[in-house]
Amino acid sequence: MSLPNVTGEIIAQGFNCQVRVGTNAADAQAVALVASFRASEDFQVQDAVVIGHLGPVAMDPQGYQCSISMDGFLPFRRVLDGAIQYADGGRIALMDIMPTRAKFMAPGAVQKIAYMDFYNRKAGTVLGAYEGVLITSGEISVDGNSYAKNSVQAKALTAVKPGGG
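Residues numbered from 1 in each chain as written. Predicted model: local features only at pLDDT ≥ 70, side-chain atom pairs only at ≥ 80, totals over all residues. Heavy atoms only, no water.

1. So, the overall build of the protein chain
Part 1 of the reasoning: Helix and strand counts for the protein chain stand at 2 helices and 10 strands.
Part 2 of the reasoning: Listing the helices and strands of the protein chain from first to last along the sequence gives α-β-β-β-β-β-β-β-α-β-β-β.
Part 3 of the reasoning: The 165 residues of the protein chain split such that 24% are buried.
Part 4 of the reasoning: The long-range share in the protein chain, meaning contacts at least 24 apart out of those at least 6 apart in sequence, stands at 55%.
Part 5 of the reasoning: Of the roughly 10800 Å² of accessible surface on the protein chain, a fraction of 56% belongs to carbon and sulfur atoms. (Helix = DSSP H or I, 4+ residues; strand = E, 2+ residues; numbered from the N terminus. Buried < 20%, exposed > 50% of the residue type's maximum accessible area, 1.4 Å probe, protein only. Contact = heavy atoms within 4.5 Å. Areas by Shrake-Rupley, 256 points an atom, 1.4 Å probe, with all protein chains shown as cover.)

Take a look at the structure:
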């Protein structure tokens, strides 16, 4: 009896995962050279505290927030036969999804990213998906002899659980 390979079948490895964006899962494209990414959901609740009771007697939902953060290398951008191409095969990069100041300030000009997911290439599965993603901040940084990096923070309207949950 052979046991599953721990690094390949039991847990998802980071180098097998990528960030993809699009209008839905079927047309999502990989974002070039994202080194790390994370998403967090915050469920705000209101405690109903009553005199004479130790602790709340109820908790009610008050709000929801989903935050996404991505860091990656600033890739060399090349135009080949009229199409943008990056070394790792991605068609877009973090810097491509950052709005300009003029676009951000124009009424109705900023478009939400309809769909974003964290995808495990090896398993062919979506680890987490997000809808209505809006970029909230971005940064470019260079540290000494290292590569130039790009960081992007975003908020999403909702996190879609894999498997429709």
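2. Quick look at the pairing of strand β4 (residues 58-73)
In summary, the side chains of a regular strand alternate between the two faces of the sheet.
Part 1 of the reasoning: Here strand β3 (residues 34-48) pairs with β4 via 14 bridges, running antiparallel. Bridge pairing in β4 links Arg38 to Ser69. (Pairing = 2+ DSSP bridges.)

3. Some remarks on the packing of aromatic side chains
Part 1 of the reasoning: By the definition in use, this model includes 4 aromatic pairs.
Part 2 of the reasoning: Between Phe43 and Tyr64, the aromatic rings sit 5.3 Å apart at their centres with planes inclined by 55 degrees, giving tilted as the arrangement. A residue pair is termed long-range when its members are at least 10 positions apart, and Phe43 in strand β3 and Tyr64 in strand β4 qualify at 21 residues.
Part 3 of the reasoning: We classify Tyr64 as partly exposed; its relative accessible area is 31%.
Part 4 of the reasoning: Taking the centre distance of 5.4 Å and the plane angle of 55 degrees together, the rings of Phe118 and Tyr130 count as tilted. With a gap of 12 residues between them, Phe118 in strand β8 (residues 113-120) and Tyr130 in strand β9 (residues 125-141) connect regions that are remote in the sequence. (Phe/Tyr/Trp six-rings, centres within 6.5 Å; stacked < 30°, edge-to-face > 60°.)

4. Considerations on the environment of Ala154
Part 1 of the reasoning: If you trace the backbone, Ala154 turns up in strand β10 (residues 149-160).
Part 2 of the reasoning: When its relative accessible area of 3% is taken as the criterion, Ala154 is described as buried.
Part 3 of the reasoning: Along the sequence, Ala154 and Leu134 sit 20 residues apart, while their C-alpha atoms lie 5.4 Å from each other.
Part 4 of the reasoning: Residues within four places of Ala154 in sequence aside, it is in contact with Cys66, Ser67, Ile68, Val133, Leu134, Ile135 and Thr136.

5. Some points on unusual backbone geometry
Among all residues except glycine, the phi angle is most often negative; among peptide bonds, the trans geometry is most common.
Part 1 of the reasoning: For Leu33, which is not a glycine, the phi torsion comes out positive at approximately 50 degrees.
Part 2 of the reasoning: By the element assignment, Leu33 lies in the loop between β2 (29-32) and β3.

6. A few points about the nonpolar core
Part 1 of the reasoning: Grouped together as the largest cluster of nonpolar side chains are 19 residues, with contacts concentrated most on Ile68, Met70, Met116, Tyr130 and Val133.
Part 2 of the reasoning: Breaking this core down by element, the ones donating at least two residues are β1 (17-22), β4, β8, β9 and β10.
Part 3 of the reasoning: With 4 residues, β10 is the single largest residue contributor to this core.
Part 4 of the reasoning: Residues contacting Met116, with those up to four places away along its chain left out, are Val19, Arg20, Val21, Ile68, Met70, Gly128, Ala129, Tyr130 and Val133. (Core = buried A, V, L, I, M, F, W, Y, C linked by side-chain atoms within 4.5 Å.)

7. Brief notes about the pattern of salt bridges
Part 1 of the reasoning: Applying the stated criterion to the full structure yields 2 salt bridges.
Part 2 of the reasoning: Among the salt bridges present, the one from Asp117 reaches Arg20, with a minimum N-O distance of 2.7 Å. Taken together, the residues Asp117 in strand β8 and Arg20 in strand β1 connect sequence positions 97 residues apart.
Part 3 of the reasoning: Here Asp117 falls in the buried class, since its relative accessible area comes to 0%. (Salt bridge = Lys/Arg side-chain N within 4 Å of Asp/Glu carboxyl O.)

8. Things to note about the sheet that holds β1
Part 1 of the reasoning: With mixed pairing, 8 strands are arranged side by side in an open sheet as β3-β4-β10-β9-β8-β1-β2-β7. Of all the strands in the sheet, just β3 and β7 (92-93) have a single pairing partner and so form its edges.

9. A few points about the side chain of Asp117
Part 1 of the reasoning: A distance of 2.7 Å separates a polar atom in the side chain of Asp117 from a polar atom in the side chain of Arg20.
Part 2 of the reasoning: A polar contact is formed between the side chain of Asp117 and the side chain of Tyr115, at a distance of 2.7 Å.
Part 3 of the reasoning: Residues contacting Asp117, with those up to four places away along its chain left out, are Gln18, Val19, Arg20, Val126, Gly128 and Ala129. (Polar contact = N/O pair within 3.5 Å; in protein donor to acceptor, adjacent residues only side chain to side chain.)

The values are spatial; any link to function lies outside them.
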